[in-house]
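A closer look at the structure
Each chain is listed here by its residues.
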Amino acid sequence: MKEYIKLFIICGMTGLLMECIYTGFYELFHNNFLMTSKTSLWMFPIYGLACFIKPLYMKLKCIPLIIRLVIYAVIITATEYLSGYLLSGIKCCPWNYEEATLNLNGLIRLDYFPLWMGAGYIFEKIVRRCSM
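Here goes a summary of the coordinates provided. (Residues numbered from 1 in each chain as written. Predicted model: local features only at pLDDT ≥ 70, side-chain atom pairs only at ≥ 80, totals over all residues. Heavy atoms only, no water.)

The next subject is the nonpolar core. Nonpolar side chains tend toward joint burial in soluble globular proteins. Counting residues in hydrophobic clusters, the biggest one holds 25 residues, and the most contacted among them are C11, M43, I53, W116 and F123. Among the elements that make up this core, the one with the highest residue count is helix α5 (residues 113-130) (six residues). Other than its neighbours up to four places away in sequence, W116 contacts Y47, A73, I76, T77 and E80. (Core = buried A, V, L, I, M, F, W, Y, C linked by side-chain atoms within 4.5 Å. Buried < 20%, exposed > 50% of the residue type's maximum accessible area, 1.4 Å probe, protein only. Helix = DSSP H or I, 4+ residues; strand = E, 2+ residues; numbered from the N terminus. Contact = heavy atoms within 4.5 Å.)

Next up, the structure:
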């Protein structure tokens, strides 16, 4: 249990950092040289759920990396949709993708799938390293 609490905190903080880096570079590519980043504290527990990649990895470690990354991205996308749906119910969803071409109910962007594969890779590395 202590190990999962530790992983939850590490994954939550890593997710917030990744989001700040992503939004900062997004701003740079849109000519905001201040690279102002933003996230929401609501994201901490959502990213923290990546700690559950550990038991998933333990079951999937024998299959090729690319397949694991697709599985992680599917799970992350589903988690984003569900958490966005729940947060929208209390009017606290920090994202709205309605303007994006490949969105589903404004809650997820299908074009982010490769980004979620990358995030899954990072989280897998974290849970493997922290479990040694």
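That shown, we press on.
Next up on the list: unusual backbone geometry. Phi is positive for M35, which is not a glycine, with a value near 50 degrees. The class for M35 is partly exposed, based on a relative accessible area of 35%. In the Ramachandran plot, N105 falls in the positive-phi region, its phi being about 55 degrees despite a non-glycine side chain. Relative to the helices and strands, N105 resides in the loop between β1 (103-104) and β2 (108-109).

Once that is clear, we can look at the packing of aromatic side chains. Counted by the stated rule, this structure contains five aromatic pairs. Measuring from centroid to centroid gives 5.9 Å for Y4 and F52, while their planes differ by 20 degrees, and the two rings are stacked. With a gap of 48 residues between them, Y4 in helix α1 (residues 2-29) and F52 in the loop between α2 (43-48) and α3 (53-60) connect regions that are remote in the sequence. Pairing Y97 with Y112 gives two aromatic rings, centres 5.5 Å apart and planes at 75 degrees, and the pair type is edge-to-face. One end of the pair, Y97, is in the loop between α4 (65-89) and β1; the other, Y112, is in the loop between β2 and α5, and 15 residues separate them in sequence. The burial state of Y97 is the same as that of Y112; both residues are buried. Among the aromatic side chains, those forming a connected cluster through ring pairs are Y22, Y97 and Y112. If you follow R109 out to its NZ or CZ, it ends over the ring of Y97, 6.0 Å from the centre. (Phe/Tyr/Trp six-rings, centres within 6.5 Å; stacked < 30°, edge-to-face > 60°. Lys NZ or Arg CZ within 6 Å of the ring centre and 35° of its normal.)

Here the focus is the packing of α3 against α5. For the pair α3 and α5, interaxial distance at closest approach is 9 Å and the crossing angle is 90 degrees. Regarding the angle of α3 to α5, the classification is roughly perpendicular. Contact with α3, carried on its side by I53, K54 and Y57, involves G120, F123, E124, V127 and R128 of α5 and no other residues of that element. In terms of residue class, the contact of α3 with α5 is made up of four nonpolar, one polar and three charged. (Axes fitted to C-alpha atoms, helices over the stretch in contact; angles between N-to-C directions. Parallel < 35°, antiparallel > 145°, perpendicular 65-115°, else oblique. Nonpolar A, V, L, I, M, F, W, Y, C, P; charged D, E, K, R; others polar.)

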